[in-house]
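# Summary of structural features
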Amino acid sequence: QDCWLEEHRYRWAVAHLSERQRSVMARISSAVKELDHLEKWREEMAHKILASFCTKLHQVETTVQSLANDGIKALADAKRRDIG
């Protein structure tokens with residue numbers, strides 16, 4: 001009977017540890033899925049922010065170029081008036 005009791009305790013401990021291991025693995029798997037989801041979200045947000053920055057940079061560059069062209073035109077008109 002002593003051997004039976006030892007074996008029963010051993011089997012119960014193994015079953016208990018297996019259940020705990022399944023539980024921990026399920027939580028780890030859930031955490032990894034959430035981490036993957038957050039990483040995809042971070043990549044999407046970084047892409048959107050970078051695209052927005054590039055668009056605004058292009059708009060600023062175009063505006064500065066337009067202002068420079070207007071300045072050159074005004075300077076040329078002023079010199080033309082001075083000469084003429």
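Scroll up to find the structure.
Since this is a predicted model, take the numbers as computed values, not measurements.

This part covers the overall build of the protein chain. For the protein chain, the count of helices and strands is 1 helix and 0 strands. Computed over its C-alpha atoms, the radius of gyration of the protein chain comes to 36 Å, more than 25% above the 12 Å expected for a compact globule of 84 residues. C-alpha atoms of the protein chain, sized along the principal axes, occupy 120 × 10 × 5 Å. Residue burial in the protein chain is summarised as follows: out of 84 residues, 0% are buried. Accessible surface, the protein chain: about 8200 Å² in total, of which carbon and sulfur atoms supply 62%. When the 14 positive and 13 negative side-chain charges of the protein chain are each reduced to one mean point, those points stand 5 Å apart.

Once that is clear, we can look at the pattern of salt bridges. This model, assessed by the stated rule, comprises 7 salt bridges. A salt bridge links glutamate 7 to arginine 11, with the nearest nitrogen and oxygen atoms 2.7 Å apart. You can see glutamate 7 and its partner arginine 11 sitting in helix α1 (residues 2-83), 4 residues apart, about one turn around the helix. Owing to a relative accessible area of 38%, glutamate 7 belongs among the partly exposed residues under this scheme. Note on arginine 11: relative accessible area 55%, which makes it exposed.

What counts, and at which threshold
- Residues numbered from 1 in each chain as written.
- Predicted model: local features only at pLDDT ≥ 70, side-chain atom pairs only at ≥ 80, totals over all residues.
- Heavy atoms only, no water.
- Helix = DSSP H or I, 4+ residues; strand = E, 2+ residues; numbered from the N terminus.
- Rg over C-alpha atoms; globule rule 2.2 N^0.38 Å.
- Buried < 20%, exposed > 50% of the residue type's maximum accessible area, 1.4 Å probe, protein only.
- Areas by Shrake-Rupley, 256 points an atom, 1.4 Å probe, with all protein chains shown as cover.
- Lys, Arg positive; Asp, Glu negative; His and termini not counted.
- Charge placed at Lys NZ, Arg CZ, Asp CG, Glu CD.
- Salt bridge = Lys/Arg side-chain N within 4 Å of Asp/Glu carboxyl O.

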